[in-house]
2 protein chains.
Amino acid sequence: MNFQEKIKQYARLSVAVGVNVQKNQEVLVQCPVECAYFARAIAEAAFEAGAKDVIVHYSDDKLQRVRLEHASIDTLTDIPPWKAQSNNFYADRDSVYIMISASDPSVFEGIDPKKLSAQVKATRQATKPTVDARMSGKMRWNICAVPSLGWAQTVFPDLEPEQAIQRLWDAIFTAVRIGDSDPVERWKQHQKTLDARTSYLNRMQFDALHYKNSLGTDLTVGLPDNHRWKGGGDYGPAGVFFVPNMPTEEVFTLPHKDRVDGVVYSSLPLNYNGNVIDKFSLTFKKGIVTDYSAETGYEVLQALLDTDDGAKQLGEVALIPYHSLISDMKILFYNTLFDENASCHLAIGDSYTDCLKDHKQMTEQQMRDAGANHSLVHVDFMIGTPDLTITGISKDGTQTPLFQNGNWAI
Amino acid sequence: MNFQEKIKQYARLSVAVGVNVQKNQEVLVQCPVECAYFARAIAEAAFEAGAKDVIVHYSDDKLQRVRLEHASIDTLTDIPPWKAQSNNFYADRDSVYIMISASDPSVFEGIDPKKLSAQVKATRQATKPTVDARMSGKMRWNICAVPSLGWAQTVFPDLEPEQAIQRLWDAIFTAVRIGDSDPVERWKQHQKTLDARTSYLNRMQFDALHYKNSLGTDLTVGLPDNHRWKGGGDYGPAGVFFVPNMPTEEVFTLPHKDRVDGVVYSSLPLNYNGNVIDKFSLTFKKGIVTDYSAETGYEVLQALLDTDDGAKQLGEVALIPYHSLISDMKILFYNTLFDENASCHLAIGDSYTDCLKDHKQMTEQQMRDAGANHSLVHVDFMIGTPDLTITGISKDGTQTPLFQNGNWAI
């Protein structure tokens, strides 16, 4: 199968399995200018699948960098109404959303983290209806990854530009199960594996998880009553199955935002808005970060935690074996979509409220009381190591080994 | 001077001489995805000149082609409000507008001209405030040209891709007076030459022009009372000088829409919305096209003329010597911005009402009565040949030779 065919197959996978576009739906695509050819492949695939229209919003991080260097913070945070509407318009129209991710991990290196953080916050506030529609699954979404030169060269610094891009494409195709056998069928099989794990965890309804490893992590993460583990795809409110993340090797749920205690150490660098945060730790008391450290990107981490109150609490807990399709490639992708699938992780910030079993019958306040966190940010960070131990603690104190030496013990 | 320096100089020329950006203004940029590097250069130059912000709207003709192939005409003409607002928002805010032109002349080849024309019309209607703000000079604007691969290969079909792009860049730099001497100074000198021609024509106040050449053109174009010839730059309502077109070798005014009679033959192919119309003629009676022919692109011409009533009447008359900076390069650019400066031309469609001396004191109806044309389109087409004769006819019947053998006779 040649490269062009793989691109077509990837675009079809995103459209058919990812957002699962239905006849006469609109497809909103967010795409870096460097990856226009992939947006066009998505458009072809979407129309083939019966889409009504494909609307592509092109973004340009390098241009953003010029604006961040020169424009005032007032200008950068003054999001024009048309810009918010260019997203929110579709949140109200039963559309689906495909995001093409290609970011150069260091494109915003050296930019004042406060400026960057303020802009991200203002944009998220302005597009809250869209963000909410995605978080609730009302607007089915999917992320695809396309190598940009900056990204490929960060991952493979010793290769020539063309080679680096080719190697990264190969890794992406492997990760999303594109190849000679039918990827749609392979995704069905994979979903079954994830379903078995979520069924077990949902049955057990652990009261808390305890993490421990040689990095120094010693953390207890409480889980809400009636939490629900999810993995792979899910049904949107309209009853249509979709798979937001490809690859996805994780099973995840929401932690109880006020029942997190201890210290956790990062096991991989975190790329946040074009800045790298590395070798960092977070100390929690009653769910809130009370102390933190970072060998690289301390100020970026600080700005992130200072976004709002919710940015100092957890919003996601995800379990991934140390041996997985992604982690076995032994590639550090500097991209959360991939790296989060190579390692157990947590996220600070907003939680997926549909991980509460009765979320549809609950008010926002009831969900908060149950342990759901609210924030303008949701940032994953990796904590898995080859010696990670995770223990499930039941309400009656029973301890069940879940992970040993970084892998599932069940 | 290396390529990067020329790009910087070109961006500065567009910002400083083209739109003449003032401190704290916003700069709206329309840019094909393929030319993102040039939009970034514009952004750098604009911030250096004191701009408050630079907003870039990326366009993608190849994606548009996919939409035109698959989406219904209803979908294509249903311009979402945010899309109109993304332009109109800036028309109200004392912003300036830079358009980067790079179009592949045949990108829409084979697309149903009616579909294409309907979409262009719907977009122009939705963005009328922006179009009006530009036509009136309220929103100062400038067009830059950047080679796309498709464009470069159309102009230089025998060259390798990289070479074709390089040759086209060289031609563009020559045409816009980028080189070792200061381009800003060269533009000042050029403006003086154009000013001398417009002064003469404004003093003469010809009642009509008569065109004749061996292609078969035999056309009389009436001019309104109190018409005003313009050339090069102009002052916007805020009193700031700007130069919309670079290159610009023409002097132009508006014809009287109801006083055009005879037949005119095109002398160069016309690229209209990614389709080529070639070897065509238009026959006018009392200002209206009553007959037309085309060896190539007849249906595209038909769709163009059928856009609205104004699309069947003239909106511009422009004089350019057969020998000029552009025409002496002997390159057919397949791009109106350049080709219109290589040849005398006319435009069908909307006229520049500020070519009526007292336009500020006139109502829309008074301007129409004076001869101004209104249309959703404004499309230049070339009529200059090496044997073109143009005669100025005064109210008293006196005939003054204006052009002989394609060049100025005065």
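Residues numbered from 1 in each chain as written. Chains lettered and ligands numbered in written order. Predicted model: local features only at pLDDT ≥ 70, side-chain atom pairs only at ≥ 80, totals over all residues. Heavy atoms only, no water.

### With respect to the overall build of chain A
Quick reminder of the rule: A run of H or I in DSSP becomes a helix once it reaches four residues, and a run of E becomes a strand once it reaches two; helices and strands are each numbered from the N terminus. Computation of the radius of gyration draws on C-alpha atoms, with the globule rule given as 2.2 Å multiplied by the number of residues to the power 0.38. Type-normalised accessible area, obtained with a 1.4 Å probe on protein chains alone, sets the label of each residue: buried when under 20%, exposed when over 50%, and partly exposed for intermediate values. The contact rule is simple, with two residues in contact once any of their heavy atoms fall within 4.5 Å.
Counting its regular elements, chain A contains 13 helices and 20 strands. The C-alpha radius of gyration of chain A comes to 20 Å, within 12% of the 22 Å expected for a compact globule of 410 residues. The buried share among the 410 residues of chain A stands at 60%. In chain A, the proportion of contacts linking residues at least 24 apart, taken out of those at least 6 apart, comes to 75%.

### Digging into the pattern of salt bridges
Condition: The salt bridge criterion pairs a side-chain nitrogen of Lys or Arg with a carboxyl oxygen of Asp or Glu, the two atoms within 4 Å.
All chains considered together, the criterion is met by 32 salt bridges over all chains. For aspartate 354 of chain B, the salt bridge goes to lysine 230 of chain B, with nearest N and O atoms at 2.8 Å. Placement of aspartate 354 of chain B in the loop between β16 (345-349) and α13 (364-370) and of lysine 230 of chain B in strand β7 (residues 230-231) is noted, with a sequence separation of 124 residues between them. Just as aspartate 354 of chain B is buried, lysine 230 of chain B falls in that class too. Each of the salt bridges in this network shares a partner with another, and the network as a whole consists of Asp207, Asp225, Arg259 and Lys395 of chain A.

### With respect to the interface of chain A and chain B
This is how the line gets drawn: Buried surface area refers to the total accessible area, computed with a probe of radius 1.4 Å, that the two partners give up upon joining, counted for both partners together. What qualifies as a polar contact is a pair of N or O atoms within 3.5 Å, subject to a donor-acceptor requirement within protein and to the restriction that residues adjacent in sequence count only when both atoms come from side chains. The residue classification treats Ala, Val, Leu, Ile, Met, Phe, Trp, Tyr, Cys and Pro as nonpolar and Asp, Glu, Lys and Arg as charged. All others, Gly included, are polar.
At the junction of the two partners, chain A supplies 31 residues and chain B supplies 31 residues. Summing both partners gives a buried area of about 2,700 Å² for chain A against chain B, and 67% of it is carried by carbon and sulfur. Our count for the chain A to chain B interface comes out at six salt bridges. In this structure, the salt-bridge partner of arginine 40 of chain B is glutamate 34 of chain A, at a minimum N-O distance of 3.6 Å. Between the two partners, chain A and chain B, sit ten residue pairs in polar contact (both at pLDDT 80 or more). Among the elements of the structure, α2 (36-48), β2 (53-59), α3 (61-70) and α5 (81-91) of chain A are those that each provide at least two residues to the side of chain A that touches chain B. For the side of chain A that touches chain B, the per-class residue count stands at 17 nonpolar, five polar and nine charged.

### Some thoughts on the packing of aromatic side chains
Residues and elements named next belong to chain B. What counts is decided by this rule: Side-chain rings of Phe, Tyr and Trp, where Trp is taken by its six-membered ring, are said to pair if the distance between their centres is within 6.5 Å; with planes under 30 degrees apart they count as stacked, over 60 as edge-to-face, and otherwise as tilted.
Under the defined criterion, the tally for this structure stands at 32 aromatic pairs over all chains. Residues tyrosine 235 and phenylalanine 241 carry aromatic rings whose centres are separated by 4.9 Å and whose planes lie at 65 degrees to one another, so their mutual orientation is edge-to-face. According to the relative accessible area criterion, tyrosine 235 is exposed, its value standing at 56%. Judged by relative accessible area, which is 26%, phenylalanine 241 ranks as partly exposed.

### What about the sheet that holds strand β7 (residues 230-231) of chain A?
All names here are of chain A. Heads up, the rule is: Only strands that DSSP links by at least two bridges are regarded as paired with each other.
Sheet architecture is open: five strands sit in the order β7-β10-β15-β16-β17, paired in antiparallel fashion. Unpaired on one side and paired on the other, β7 and β17 (378-382) mark the two borders of the sheet. Two elements, strand β15 (residues 314-319) and strand β16 (residues 345-349), share four bridges in a ladder whose sense is antiparallel. Residue leucine 314 lies in a different strand from β16, and its bridge partner there is isoleucine 348.

### Side note on helix α7 (residues 128-135) of chain B
All names here are of chain B. Regarding α7, the residues found buried are Thr130, Val131, Ala133, Arg134 and Met135. In this structure, the buried side of α7 is in contact with α5 (81-91), β3 (96-101), α6 (113-126), β4 (141-145) and β17 (378-382). Following α7 by one or two positions, glycine 137 has its phi on the positive side, about 80 degrees.

### Some details on the side chain of histidine 227 of chain A
All names here are of chain A. Within the element layout of this structure, histidine 227 appears in the loop between β6 (218-222) and β7. According to the relative accessible area criterion, histidine 227 is buried, its value standing at 0%. Only 3.2 Å separates the side chain of histidine 227 from the side chain of tryptophan 229, close enough to count as a polar contact. Here histidine 227 is in contact with Asn202, Gln205, Phe206, Thr253, Leu254, Cys355 and Lys357, once residues within four sequence places are set aside.

### As for the sheet that holds strand β1 (residues 26-32) of chain B
Residue and element names in this part refer to chain B. Spelled out, the test is: What counts as an axis is a line fitted to C-alpha atoms, over the stretch in contact for a helix, and the angles between N-to-C directions run from 0 to 180 degrees.
Read from one edge of the open sheet, four strands run β2-β1-β3-β4, paired in parallel fashion. Across the chains shown, the open sheet's two edge strands, defined by having one partner strand only, are β2 (53-59) and β4. Going from strand to strand, the sheet's axes swing by 20 degrees on average, the running direction of each strand aside. Bridge count between β1 and β3: four bridges; the pairing is parallel.

### Here we look at the pairing of strand β13 (residues 275-285) of chain A
All names here are of chain A. The pairing of strand β11 (residues 260-265) with β13 spans four bridges and is antiparallel. The partner of glycine 262 across the bridge, within β13, is phenylalanine 284. Alignment of strand β12 (residues 270-272) against β13, held across three bridges, turns out to be antiparallel. Bridge pairing in β13 links tyrosine 272 to asparagine 275. Joining the antiparallel neighbours β12 and β13 is a turn of two residues, in which asparagine 273 adopts a positive phi near 50 degrees. Bridging between β13 and strand β14 (residues 288-296) involves seven bridges; their strand directions are antiparallel. Within β14, the residue paired with phenylalanine 280 across the bridge is alanine 294.

### Observations regarding the pairing of strand β4 (residues 141-145) of chain A
Residue and element names in this part refer to chain A. Counted residue by residue, β4 has five buried out of five residues, so it is predominantly covered. Across the two faces of β4 the burial is the same, with Trp141, Ile143 and Ala145 and Asn142 and Cys144 all buried. Of the strand pairs in this sheet, strand β3 (residues 96-101) and β4 are connected by five bridges, and their pairing is parallel. Across the sheet, isoleucine 100 pairs through a bridge with cysteine 144, a residue of β4.

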